[in-house]
Amino acid sequence: SVGNVFTTLECQVAGTVANLIPDQGPVNQPLTGVLRLKYSIPFQQLNSLVSAHLICFKIGLDQSSIRFVSGRTMAADISPNNASDYTHIRTLRIIATAVNAIKLGAEPWLGRGNNVHTRQALSTRIDQILGALKEGGSLGFYSFDIASENIGPLMDTLLITLTLRPTHEIDKIRIDVTIQR
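Residues numbered from 1 in each chain as written. Predicted model: local features only at pLDDT ≥ 70, side-chain atom pairs only at ≥ 80, totals over all residues. Heavy atoms only, no water.

## Thoughts on the packing of helix α3 (residues 89–106) against helix α4 (residues 116–135)
It is the contact of α3 with α4, at a shortest axis distance of 10 Å, that shows an interaxial angle of 150 degrees. Crossing of α3 over α4 shows right-handed handedness. Along the contact surface, α3 presents T97, A98, A101, I102, G105 and A106, while α4 presents L122, R125, I126, I129, L130 and L133. Its residues placed into classes, the contact of α3 with α4 shows 9 nonpolar, 2 polar and 1 charged. (Axes fitted to C-alpha atoms, helices over the stretch in contact; angles between N-to-C directions. Helix = DSSP H or I, 4+ residues; strand = E, 2+ residues; numbered from the N terminus. Left-handed = near helix turned anticlockwise from the far one by under 90°. Contact = heavy atoms within 4.5 Å. Nonpolar A, V, L, I, M, F, W, Y, C, P; charged D, E, K, R; others polar.)

What follows is the structure, encoded as structure tokens:
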């Protein structure tokens, strides 16, 4: 038996997020190992904190679990009317998963000739990787381009340009009710 283990909230959050599948956000997920909250604040204040890009928690409906209210990152807005693309942990993880899968999938082409046939084969592999992410629901859209750098010291470099649109997570559910007489 290990006994009591003490850790920081940051470690608990990191551990919980790391154990989620890449296209699952932390919203409404239980924060294991945390027994109680120090403060319970009204939803208006929670919404203000979430809008300020803070990760917040609430007591679950079962009254025994602590759950994530948001899965926001600290990514700053680009301008007052233009938010960063990386404000949600889930988005960040989907992008990282796509990039890492392409790096791993492209590895067999390292050392091969930089020619049309090689680039077409690599293109097919990248399409398979991104297609699987789209089929699995992580991506709503993707496109990519492979270009060969043929100038100066970069003659042996392929540049893969990605355009990815991750599917958005459900952050809130709004219910509108109309009562008819």
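Here the narrative resumes, following the displayed structure.
## So, the pattern of salt bridges
Inspection of the entire model under this criterion finds 1 salt bridge. One salt bridge connects D176 with R174, and the closest N-O pair in it is separated by 3.0 Å. Taken as a pair, D176 and R174 share a single burial class, namely exposed. (Salt bridge = Lys/Arg side-chain N within 4 Å of Asp/Glu carboxyl O. Buried < 20%, exposed > 50% of the residue type's maximum accessible area, 1.4 Å probe, protein only.)

## Brief notes about α3
An ideal rise of 1.5 Å per residue puts 26 Å on 18 residues; α3 measures up with 26 Å between its terminal C-alpha atoms. Among the residues making up α3, those that are buried are I89, R90, T91, R93, I94, I95, A98, I102, G105 and A106. On the buried face of α3, the contacting elements are α1 (9–18), α4, β3 (139–149) and β4 (157–166). (Expected span 1.5 Å × (residues − 1).)

## Some thoughts on the side chain of S138
Topologically, S138 is positioned in the loop between α4 and β3. When its relative accessible area of 8% is taken as the criterion, S138 is described as buried. A polar side-chain atom of S138 sits 3.4 Å from a polar atom in the side chain of D23. Ignoring any residue separated from it by four or fewer positions in sequence, one finds S138 in contact with D23, R90, I94, L133, P166 and T167. (Polar contact = N/O pair within 3.5 Å; in protein donor to acceptor, adjacent residues only side chain to side chain.)

## A look at the confidence of the model for the protein
Atom-level detail of predicted coordinates should not be read off regions where pLDDT is low. On average, residues of the protein score 84 in pLDDT, and 93% of them reach the 70 mark or higher. Ranking the elements of the protein by mean pLDDT puts helix α2 (residues 43–51) last with 83 and α4 first with 95. (pLDDT = per-residue confidence, 0-100.)

## Considerations on the environment of I160
By the element assignment, I160 lies in strand β4. With a relative accessible area of 25%, I160 lands in the partly exposed category. Between the C-alpha atoms of I160 and I126, which are 34 residues apart in sequence, the distance is 9.6 Å.

## As for a nonpolar patch on the surface
On the surface, Y39, I41, L49, L54 and M74 cluster together into a nonpolar patch covering about 500 Å² of accessible area. Looking at M74, the relative accessible area reads 61%, which means it is exposed. (Patch = residues over 30% accessible without salt bridge, like charges linked within 9 Å, V, L, I, M, F, W, Y side chains within 5 Å. Areas by Shrake-Rupley, 256 points an atom, 1.4 Å probe, with all protein chains shown as cover.)

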